[in-house]
Amino acid sequence: MPKKTTISVIKCDVGSLAGHHIVPKPLLEIAEKRLEKAQKQGIINSHYVFHAGDDLELLIVHEKGEGDPKIHKIAWDTFQEAANKAMSLKLYGAGQDLLKTAFSGNIRGMGPGVAEMEIEERRSDPIVVFAADKTSGSAFNFPMFRIFADPMNTAGLVIDPNMAGGFKFEVLDVMKNEKVVLKCPEETYELIALIGTTERYLISRIMRAKDNIICAANSTTKLTLIAGKYVGKDDPVSIVRAQHGLPAVGEILAPFMHSYFVEGWMRGSHWGPLMPVGLKDSKCTVFDGPPRMVALGFQICNGGITSDDEGTPLISDLFDDPAFDMARREAMESAATLRRMGEFEPARLSAETMEYTTLPQVLKKLQRRFKPA
Ligand code: F6R
Ligand code: MG
Ligand code: MG
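Residues numbered from 1 in each chain as written. Chains lettered and ligands numbered in written order. Predicted model: local features only at pLDDT ≥ 70, side-chain atom pairs only at ≥ 80, totals over all residues.

Novice: For this particular structure, what's the right way to read the overall build of the protein chain?
Specialist: When its secondary structure is counted, the protein chain shows ten helices and 16 strands. Over its C-alpha trace the protein chain gives a radius of gyration of 20 Å, about what one expects of a compact globule, namely 21 Å for 373 residues. Here the C-alpha coordinates of the protein chain stretch approximately 70 × 50 × 40 Å along the principal axes. Within the span of the protein chain, comprising 373 residues, buried residues form 48% of the whole. (Helix = DSSP H or I, 4+ residues; strand = E, 2+ residues; numbered from the N terminus. Rg over C-alpha atoms; globule rule 2.2 N^0.38 Å. Buried ≥ 20, exposed ≤ 12 C-beta atoms within 10 Å, placed from the backbone.)

Below, the structure written as structure tokens:
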């Protein structure tokens, strides 16, 4: 059996500073210490701790496969300790995403978001990890379609014979908890028919059609469906594999040259323009937003992340680039247009989606006052 490497990105809102804004240093330090220890013990090979707005993000590379109880337990314990610290510091929303108490082997379904991908290392394996705040898993529907199915975005679909067979998309119906696999280019229209409904269908995985190798893995947590009520947005993460018969890093980033609308933003109840940002701007401010996304680029090397001589992983902050200034400006222009509409649709999400927010509690008060017209 060839050796396999697993990339796990596990994230959780454990509490934040100045409302739902950023993960402060003491919490990042707890995560760093825990993952450093796991690395010294040889359980994991590499790690990188960062934050997407108010979400603590753990990037872990190891050889234990997807859904490994040991890896998930490390993440769970890290989030618990960070949440306890957040509580002692009276940070906002301390422990917000930790919806279950007893860990039973897998962190999925307990609140934190998970994207995992097990790969057989190629001669060289470039990876892009995306992490967003104040939006949901469906924020990846549009860019993933462009990257893996749109020949106007990804030149390789036209030019590279290794991509000619197209890609397969696993789509999750979050309401029914069912999934379906659609193959592009043959089923492009059917795929759009589904994933265009971003409030219900999420792309969970993408495979190259000719050999089924995994190319993208997205988190698909629906916090409201776990908790039964609104507890915050399902701020998503994604792992995408690049180059040599897969979309190039530049093709993976090309959809972010322009802003596009995603659900989330203030109180998880509004359409907002997605803003690609570097790590230094990974914080939501205006109207708790606009929804922001960071992108990290790195190489996989012998079961870990390519590192320097001191063992520090070499990570590139991909959206920290003037090339995305136009998208950021567009995002703010769209933000201003939408905010002028206040609480009127389409600035606010559809009534159906608002069912999962705190709005029904407000409307309930009026119920008895309605008379036949
Ligand atoms: C969105 C989010 C925030 C909060 C908002 C109100 O995902 O977390 O926009 O919904 O700041 O928060 P509370 O109700 O905690 O005052
Ligand atoms: Mg929060
Ligand atoms: Mg968040």
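From this point, the discussion proceeds with the structure in view.
Novice: Explain the sheet that holds strand β4 (residues 113-120) to me, please; I cannot follow it from the model alone.
Specialist: To summarise the sheet geometry, strands pair through backbone hydrogen bonds and adopt either a parallel or an antiparallel arrangement. Reading across the sheet, the four strands line up as β2-β3-β1-β4 and stay open at both edges, with antiparallel pairing between neighbours. Here the strands that pair on one side only, and so sit at the sheet edges, are β2 (46-52) and β4. Within the sheet, the average angular offset between the axes of one strand and its neighbour, ignoring direction, is 15 degrees. Two elements, strand β1 (residues 4-12) and strand β3 (residues 55-62), share seven bridges in a ladder whose sense is antiparallel. Paired with I7 across the two strands is V61, which belongs to β3. On top of the sheet, helix α1 (residues 25-40) reaches β2 and β3; it is set at about 165 degrees to β2, its chief contact. Helix α2 (residues 69-88) contacts β1 and β3 of the sheet and is inclined by roughly 155 degrees relative to β3. (Pairing = 2+ DSSP bridges. Axes fitted to C-alpha atoms, helices over the stretch in contact; angles between N-to-C directions. Contact = placed C-beta atoms within 7 Å.)

Novice: What exactly am I supposed to notice about unusual backbone geometry here?
Specialist: A negative phi angle is the norm for most residues apart from glycine, just as the trans form is the norm for most peptide bonds. Note that the residue after G289, namely P290, is joined by a cis bond; omega there is -10 degrees. The amide bond that connects E345 to the next residue, P346, takes the cis arrangement and shows omega of 10 degrees. With respect to the helices and strands, the residue P346 is situated in the loop between α8 (325-339) and α9 (351-354). The backbone of Q243 sits at a positive phi, close to 70 degrees, despite the residue not being glycine. Relative to the helices and strands, Q243 resides in the loop between β10 (237-241) and α7 (249-253). Even without being a glycine, H244 presents a positive backbone phi close to 50 degrees.

Novice: In this structure, what is going on with α2? I would like to understand it.
Specialist: Compared with the 28 Å implied by 1.5 Å per residue over 20 residues, the 28 Å span of α2 between its first and last C-alpha is a close match. Elements that come into contact with the buried residues of α2 comprise β1, α1 and β3. One or two positions beyond α2, positive phi appears at K90, with a value near 55 degrees. (Expected span 1.5 Å × (residues − 1).)

Novice: How do you make sense of the environment of I203 when you look at a structure like this?
Specialist: With respect to the helices, strands and loops of the structure, I203 is situated in strand β8 (residues 201-208). For the pair formed by I203 and I44, sequence separation is 159 residues and the distance between their alpha carbons is 28 Å. Apart from the residues within four sequence positions on either side, I203 is in contact with F140, N141, M144, F169, V171, I195 and N218.

Novice: When you look at the nonpolar core in this model, what are you seeing that I'm missing?
Specialist: Most often, soluble globular proteins have nonpolar side chains that are buried together. Counting 98 residues, the largest nonpolar core has V14, A82, V128, V129, I239 and A295 as its most contacted members. At eight residues, α2 tops the list of elements feeding residues into this core. With sequence-adjacent residues up to four places away left out, V128 is seen in contact with V240, A242, V249, I252, A295, G297 and L318. (Core = buried A, V, L, I, M, F, W, Y, C linked by C-beta atoms within 7 Å.)

Novice: Help me understand the pairing of β3, please; the structure alone is not making it clear to me.
Specialist: Consecutive side chains along a regular strand alternate between the two faces of the sheet. With eight of its eight residues buried, β3 lies for the most part within the structure. The two faces of β3 match: D55, E57, L59 and V61 on one face and L56, L58, I60 and H62 on the other face are all buried. Alignment of β2 against β3, held across seven bridges, turns out to be antiparallel. The residue bridging Y48 from the neighbouring strand is L59, located in β3. Linking β2 back to β3 in an antiparallel pair, the connection comprises two residues, with G53 at a positive phi of about 55 degrees.

Novice: What is the right way to read the packing of α1 against α2 from this model?
Specialist: Helix packing for two helices is described by the angle between their axes and how far apart those axes are. The geometry of α1 relative to α2 is characterised by a closest axis approach of 9 Å and an angle of 150 degrees between their N-to-C directions. As far as their axial angle goes, α2 and α1 are roughly antiparallel. As α1 runs across α2, the sense of the crossing is right-handed. Where α1 abuts α2, its residues P26, L27, I30, A31, R34 and A38 lie against I74, D77, T78, E81, A82, K85 and A86. Classifying every residue of the contact of α1 with α2 gives eight nonpolar, one polar and four charged. (Parallel < 35°, antiparallel > 145°, perpendicular 65-115°, else oblique. Left-handed = near helix turned anticlockwise from the far one by under 90°. Nonpolar A, V, L, I, M, F, W, Y, C, P; charged D, E, K, R; others polar.)

Novice: What should I look at first to understand the pairing of β8 in this one?
Specialist: Most of β8 sits out of view: six of its eight residues are buried. Bridge count for β8 against strand β9 (residues 214-218) is three bridges, and the pairing is antiparallel. Bridging from a neighbouring strand, M207 pairs with I214 of β9. Once β8 ends, the chain turns through five residues before running back antiparallel as β9, passing N212 with a positive phi of about 65 degrees.

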